[in-house]
Amino acid sequence: MDIKLALSQWTRNGARELIDLFFPRSCVHCRGRVGRESPLRHLCTQCAARIDTIKPPRCTTCGYPFHGVFSEAVETRLCPHCEGLDPVFSEGRCCVLLKGPARSLVHTLKYHRGLYVLEDVQTLFSRSPALAEWLNNAVLVPVPLHPSRRRKRDYNQSELLAQAISRAVSSKSQVRAASNIKIASLLRRIQNTRSQTRYDKRARLENLKNAFALAKCARVDPEQRYVLVDDVFTTGATLNSCARVLRRAGCQHIDVLAFGHG
Ligand SMILES: [Zn+2]
Ligand SMILES: [Zn+2]
């Protein structure tokens, strides 16, 4: 290791330990104390162990894992989570199942201005199997917020997630091209749809149909592979609506990636 890098890491770790000593971290899920032995900085050891990182075999559209032994091909299996979606994108992946502690990470980021949890999100993305290879040569496109919500929140969590993914991939990657993964804000939200959680599946799809448009001055390369990034894949309606805009603009290769499935 480079001596400068080793020194800066040593100083950073030392400073962290000192801060932890005076300001012990509490778990964003159970509020218990986060000890030094925890693999994550903002979840305690027990809560961190409850996070389900998604591994294959999984649904190729929404990324939900298929459990158990089965004989048929994964591509032909019907998935109850994305049934009826009619995807405009090719493949969808998610990093973790959105329940318990993973849900608390997303809530802290979105609703409590807890940008510090991005460090843990990055760690979890870096555990996602073969993500660096999958993102090789892709351009990440964050799902946009409506300008009024963006002003209110002051940041777009999908943009921050795209940056965390980029860092996760470059810190682990053996694939050189993935180490300078690009992020492009190609989309804008033109309808300020109300929170989706109160709608059923069909209403969500309808509600989001024309919610997005191409950003002003956005240029798309039909040959480029774009990967849309969102915090959560629930019905896929948001990501599919964004994919439709890119498809209409001429994009041929569109995939989607979310932090949590649920
Ligand atoms: Zn905990
Ligand atoms: Zn699915």
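Before any of the text, the structure's been laid out above.
Within any chain, residue numbers begin from 1 and follow the written order of that chain's sequence. Each chain is given a letter, starting from A, and each ligand a number, starting from 1, according to the order in which they appear as written. Only residues with pLDDT of 70 or above have their local features reported here, since the model is predicted, and side-chain atom pairs are shown and tallied only from 80 upward, although totals for entire chains, interfaces and linings are computed over all residues. The side-chain numbers reported here are obtained from all heavy atoms of the structure, hydrogens and water having been left aside.

## What about a nonpolar patch on the surface?
(1) Moving on: A surface patch of nonpolar side chains, about 620 Å² in accessible area, is lined by Leu 18, Ile 19, Leu 21, Phe 22 and Phe 23.
(2) Moving on: Where helices and strands are cited, they refer to DSSP runs of H or I of at least four residues and of E of at least two residues respectively, numbered from the N terminus. Mapped onto the fold, Ile 19 is located in helix H1 (residues 3-22).
(3) Moving on: Relative accessibility thresholds used throughout: buried, under 20% of the residue-type maximum; exposed, over 50%; partly exposed, between the two (1.4 Å probe, protein chains only). For Ile 19, a relative accessible area of 49% corresponds to the partly exposed category. For patch building, the residue pool is restricted to those with more than 30% relative accessible area and no salt bridge; the joining distance is 9 Å between like charges and 5 Å between nonpolar side chains (Val, Leu, Ile, Met, Phe, Trp, Tyr). Only the protein chains shown count as cover for residues, and the accessible areas themselves come from Shrake-Rupley with a 1.4 Å probe. Put simply, a salt bridge is a Lys or Arg side-chain nitrogen that is within 4 Å of an Asp or Glu carboxyl oxygen.

## Observations concerning the pairing of strand S7 (residues 253-261)
(1) Moving on: With eight of nine residues buried, S7 is to be regarded as a mostly interior element.
(2) Moving on: Of the strand pairs in this sheet, strand S1 (residues 92-97) and S7 are connected by five bridges, and their pairing is parallel. Its bridge partner being in S7, Val 96 is matched across the sheet by Gly 260.
(3) Moving on: Strands qualify as paired when DSSP identifies two bridges or more between them. Where strand S6 (residues 225-233) meets S7, eight bridges bridge the pair, whose relative direction is parallel.

## Things to note about the coordination of the zinc ion (ligand 1)
(1) Moving on: Around the zinc ion (ligand 1), the protein contributes the donor atoms Cys 27 (SG), Cys 30 (SG), Cys 44 (SG) and Cys 47 (SG), at 2.3 Å from the metal centre.
(2) Moving on: Bound by four donor atoms, the zinc ion (ligand 1) shows angles of 101 to 119 degrees at the metal and therefore tetrahedral coordination geometry.
(3) Moving on: Water is not among the atoms examined, so metal sites may look incomplete; donors are the N, O and S atoms within 2.8 Å of the metal, or within 3.2 Å for Na, K and Ca. The motif formed by the donor residues of the zinc ion (ligand 1), counted along the single chain, is C-x2-C-x13-C-x2-C. Pair noted here: Cys 27 is in the loop between H1 and helix H2 (45-49) and Cys 47 is in helix H2, with a separation of 20 residues, a long-range link. You'll find Cys 27 and Cys 47 in the same group, each marked buried. In these descriptions, tetrahedral denotes four donors with every angle between 85 and 135 degrees, square planar four donors and octahedral six donors with opposite donors over 155 degrees apart and the rest between 65 and 115, and irregular any other case.

## Brief notes about the environment of Val 245
(1) Moving on: Along the chain, Val 245 falls in helix H9 (residues 237-248).
(2) Moving on: Since its relative accessible area comes to 11%, Val 245 is described here as buried.
(3) Moving on: When the C-alpha positions of Val 245 and Leu 214 are compared, they lie 6.5 Å apart, and in sequence the two are 31 residues distant.
(4) Moving on: Any two residues whose heavy atoms approach within 4.5 Å at even a single point are treated as in contact. Contacts of Val 245, omitting those with residues within four sequence positions, involve Leu 187, Phe 212, Ala 213 and Leu 214.

## Quick look at the coordination of the zinc ion (ligand 2)
(1) Moving on: Protein-derived ligands of the zinc ion (ligand 2) are Cys 59 (SG), Cys 62 (SG), Cys 79 (SG) and Cys 82 (SG), with the metal-ligand distances lying across 2.3 to 2.4 Å.
(2) Moving on: Going along the chain, you hit the donors of the zinc ion (ligand 2) in the pattern C-x2-C-x16-C-x2-C. On the criterion of sequence distance, the pair formed by Cys 59 in the loop between H2 and S1 and Cys 79 in the loop between H2 and S1 is long-range, its members being 20 residues apart.
(3) Moving on: Since its relative accessible area comes to 5%, Cys 59 is described here as buried.

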